[in-house]
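These are the residues of each chain, in order.
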Amino acid sequence: MFKGIPVSAGISIAPIAKLTAQPAVAANDEKIDPSRKTEEWQCLEQSIELAKEQLSQLKEKALDQLGPEKAEILSAHIAFLDDPSFTGEMKARIENQLCSAQAAVQQVAGEFVALFEGMDNDYMKERADDIRDVSRRLLKNLSGGDSHSIGYPEEPFILVAEDVTPSETLQLPLSLVKGIATAKGGPTSHAAILARSLGIPAVMGGGEAFLTAAETGKLMILDGATGELFLDPDEGQLASFRERAEQEAADRETLEALKDLPAVTLDGHRVHVVANMAVPEETEALVASGLDGVGLFRSEFLFMDRSNLPDEEEQFTAYQRVVSAFQGKPVIIRTLDVGGDKHLPALALPREDNPFLGFRAIRISLARPELFRTQLRALLRASAYGRLLIMFPMISHLEQLREAKRLLEEVKAELRKSGTPFDEEIAIGMMMEIPGACLQADAFAKEVQFFSIGTNDLVQYTLAVDRMNENIAHLYSYYHPAVLRLISHVINASHRAGIWTGLCGEMASDPLATELLLGMGLNEFSGAAAVMPKVKARIRSTTMDQAKQVARHVLSLSSTEEVYSYLRDKTE
């Protein structure tokens, strides 16, 4: 059994169809005779124009199948072809360094891929796939190959590849492809977003060992919910997963029936189940999901794929588009949350030895008030088009929160003076992700309208565990009693002050933790949209009295294993 990253839920059982590795994007030192510069330049121009036509056709297909939000992924690819820092640099290499058209594409694309893959942010790492997609298309066009035709079996199959690009995903025969498994990639890649939208179970990041072992024709079981990949399964495994697949199909029907129903316990206690959101392309699917809104919209997507800062108008357009689509449902937008662990040329952030404890998030916003004020103006303007809530990240000191609020009030005054509409009653909240802030929750609760607990960072700060460090990752758990007590403390403090608390870390997406969090008094669960219907079903199947009993018992336990075992046994 191999384990990858689950990116699109569902169980698939089918033979493997292994996609042949595409030409690697790598630097090439080939030189041309100066007399060929014009010819090579024209070849590149023709390749670019043909690629635009091909991508436009794929965009139309995406528009028909998936709607305008997903079609925008292809618009981003087309934009790369007009970007002077990308294709313009290729032309410069031909002119100034006597590169062939093919070598120019390889060199520039290779540098872009290396830049994105070297970033510590998963979302930005996965933008390397978009560069690969565009560059492969250019290289195929230059070589005269068919860049939009891939041969697939005529029988049901699971696609296995080193990685899958968005255009390859859109070309899959939907009646035959039963799953996607890749050695690279992750949940925020455009291919993953498309797989979820197309309803294709998918696991990414399975590793090179998996890719080597997976051979065309081998039978495979793919579990898109757990990331498990079984090659040549035995009869027992096949029987078990076929039974699970049948149960999942029945569960999907049940969850679909609950889609538009509220998250209410059997004894009438109402909470809210919302989604985390990384990019605007997810809007259409989230609106259609029946969830109560967005509990965390990461605004940093606007800042991370560029060499210049987004201006107020660009930010406003992005925020307004999402807020309007949810038609009055709450959309919580977190202000810029980046640091020295992410490569952001426009911000010129210093590299740091310990970036997670360094110059990041609200610390950057307060140190660069004009950057912050621009974002606040865009957010406030967008608030006139729906229910937008503003959330400040990584607050550790009361003075930081008050300074952020002071700047917000200044921007409000400017907008009033200019007659620009915004929501005068806009709610302000803060992330509770630093233990010190959690312990001082009573004081912070007097300053905001809501808390949102970020368990991903709260766990690593509380337990001093880097979850990306494989040597100690086993110590990382949101079931640790210390973490649970901090969560309980924050919720209780918010209720004493008459405000509400949500949770937007991975814990909110874990149905095993649902009853526990409900019993602690959590008001809002925000997580991965694909899993949240299960969280809603769990809420609707219990009572607050039962949930409180679970919470009381769990908070009396002394070890992570005791907590996990109790919740697992109770759920089973």
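This structure is a prediction, so every number in the text was calculated from the model and none was measured. (Residues numbered from 1 in each chain as written. Predicted model: local features only at pLDDT ≥ 70, side-chain atom pairs only at ≥ 80, totals over all residues. Heavy atoms only, no water.)

K.L.:
I keep staring at the sheet that holds strand S1 (residues 2-3) and nothing clicks. Help me out?
P.N.:
Spatially, eight strands are ordered S1-S8-S7-S3-S4-S5-S6-S2 in an open sheet, and the strand pairing comes out mixed. Single-partner strands in this sheet number two, and they are S1 and strand S2 (5-8). Both strand S4 (residues 157-161) and strand S5 (residues 177-182) contribute to a ladder of five bridges, which runs parallel. What sits directly across from Phe 157, in S5, is Val 177. (Pairing = 2+ DSSP bridges. Helix = DSSP H or I, 4+ residues; strand = E, 2+ residues; numbered from the N terminus.)

K.L.:
Is there a simple way to explain the packing of helix H22 (residues 544-554) against helix H23 (residues 560-571) in this structure?
P.N.:
Angle between the axes and distance between the axes are the two parameters that describe a pair of packed helices. For the pair H22 and H23, the least separation of the axes is 10 Å and the interaxial angle reads 155°. What the angle tells us is that H22 and H23 run roughly antiparallel. Considering the relative orientation of H22 and H23, their crossing is right-handed. For the pair H22 and H23, the contacting residues are Val 550, His 553 and Val 554 in the first and Val 563, Tyr 566, Leu 567 and Lys 570 in the second. A class-by-class count of the residues in the contact of H22 with H23 yields five nonpolar, one polar and one charged. (Axes fitted to C-alpha atoms, helices over the stretch in contact; angles between N-to-C directions. Parallel < 35°, antiparallel > 145°, perpendicular 65-115°, else oblique. Left-handed = near helix turned anticlockwise from the far one by under 90°. Contact = heavy atoms within 4.5 Å. Nonpolar A, V, L, I, M, F, W, Y, C, P; charged D, E, K, R; others polar.)

K.L.:
Can you walk me through the pairing of strand S11 (residues 294-298) in this structure?
P.N.:
Working note: regular strand, side chains alternate between the two faces of the sheet. Burial analysis of S11 places four of its five residues in the buried class, the great majority of the element. Judged from the three bridges that link them, strand S10 (residues 270-277) and S11 form a sheet pairing that is parallel. Paired with Ala 275 across the two strands is Val 294, which belongs to S11. (Buried < 20%, exposed > 50% of the residue type's maximum accessible area, 1.4 Å probe, protein only.)

K.L.:
Looking at this structure, how should I read helix H8 (residues 190-198)?
P.N.:
Think of an α-helix as 3.6 residues a turn; residues three or four steps apart then line up on the same face. Counting buried residues along H8, seven of its nine residues qualify, which places the element largely inside the surrounding structure. Every buried residue of H8 is accounted for by His 190, Ala 191, Ala 192, Ile 193, Leu 194, Ala 195 and Leu 198. Backbone geometry just after H8 places Gly 199 at a positive phi near 75°.

K.L.:
What's the story with the environment of Ser 477 in this structure? I'm lost.
P.N.:
Along the chain, the position of Ser 477 falls in the loop between helix H18 (455-463) and helix H19 (481-496). Judged by relative accessible area, which is 15%, Ser 477 ranks as buried. Ser 477 sits 271 residues away from Gly 206 along the chain, and the two C-alpha atoms are 22 Å apart. The contact partners of Ser 477, leaving out residues within four places of it in the chain, are Val 459, Leu 463, Val 483 and Thr 560.

K.L.:
Is there a simple way to explain the environment of Glu 562 in this structure?
P.N.:
By the secondary structure assignment, Glu 562 is in helix H23. For Glu 562 and Ala 443, which are 119 residues apart along the polypeptide, the C-alpha to C-alpha distance reads 32 Å. Within the local environment of Glu 562, its side chain forms a polar contact with the backbone nitrogen of Ser 558, the two atoms lying 2.9 Å apart. (Polar contact = N/O pair within 3.5 Å; in protein donor to acceptor, adjacent residues only side chain to side chain.)

K.L.:
Sorry if this is basic, but what is going on with the packing of helix H3 (residues 87-97) against helix H4 (residues 101-117) here?
P.N.:
One can describe the packing of H3 onto H4 by two numbers: an axis separation of 8 Å at closest approach and a directional angle of 125°. By the angle class used here, H3 and H4 are oblique. The two elements H3 and H4 cross, and the hand of that crossing is right-handed. In this structure, H3 contributes Glu 89, Met 90, Arg 93, Ile 94 and Gln 97 to the contact, and H4 contributes Ala 101, Ala 104, Val 105, Gln 107, Val 108 and Glu 111. A breakdown of the residues in the contact of H3 with H4 according to their chemical character gives six nonpolar, two polar and three charged.

K.L.:
I would appreciate a short explanation of the side chain of Asp 133 in the present structure.
P.N.:
Its location among the elements puts Asp 133 in helix H6 (residues 127-143). One buried charged residue, Asp 133, forms no salt bridge at all, with the nearest opposite charge on Arg 137 at 4.4 Å. Setting aside residues no more than four positions away along its own chain, Asp 133 makes contact with His 77, Thr 165, Pro 166 and Ser 167. (Lys, Arg positive; Asp, Glu negative; His and termini not counted. Salt bridge = Lys/Arg side-chain N within 4 Å of Asp/Glu carboxyl O.)

K.L.:
Just checking my understanding: could you explain the pattern of salt bridges for this structure?
P.N.:
Any two side chains of opposite charge can pair, given that their charged atoms come close. By the definition in use, this model includes 32 salt bridges. The salt bridge partner of Arg 93 is Glu 89, with a shortest N-O separation of 2.7 Å. Of the two residues, Arg 93 and Glu 89 both sit in helix H3, four residues apart, roughly one turn of that helix. Salt-bridge contacts for Glu 370 lead to Arg 373; the nearest nitrogen and oxygen are separated by 3.9 Å. In this pair, Glu 370 and Arg 373 are both assigned in helix H14 (residues 369-382), three residues apart and thus about one turn of the helix distant. Arg 373 gets classed as buried once you look at its relative accessible area, which sits at 13%. One salt-bridge network, in which partners are shared between bridges, spans Glu 312, Glu 313, Glu 370, Arg 373, Arg 377, Arg 381, Glu 403, Arg 406, Glu 410 and Glu 414.

Geometric values such as these leave the question of function open.
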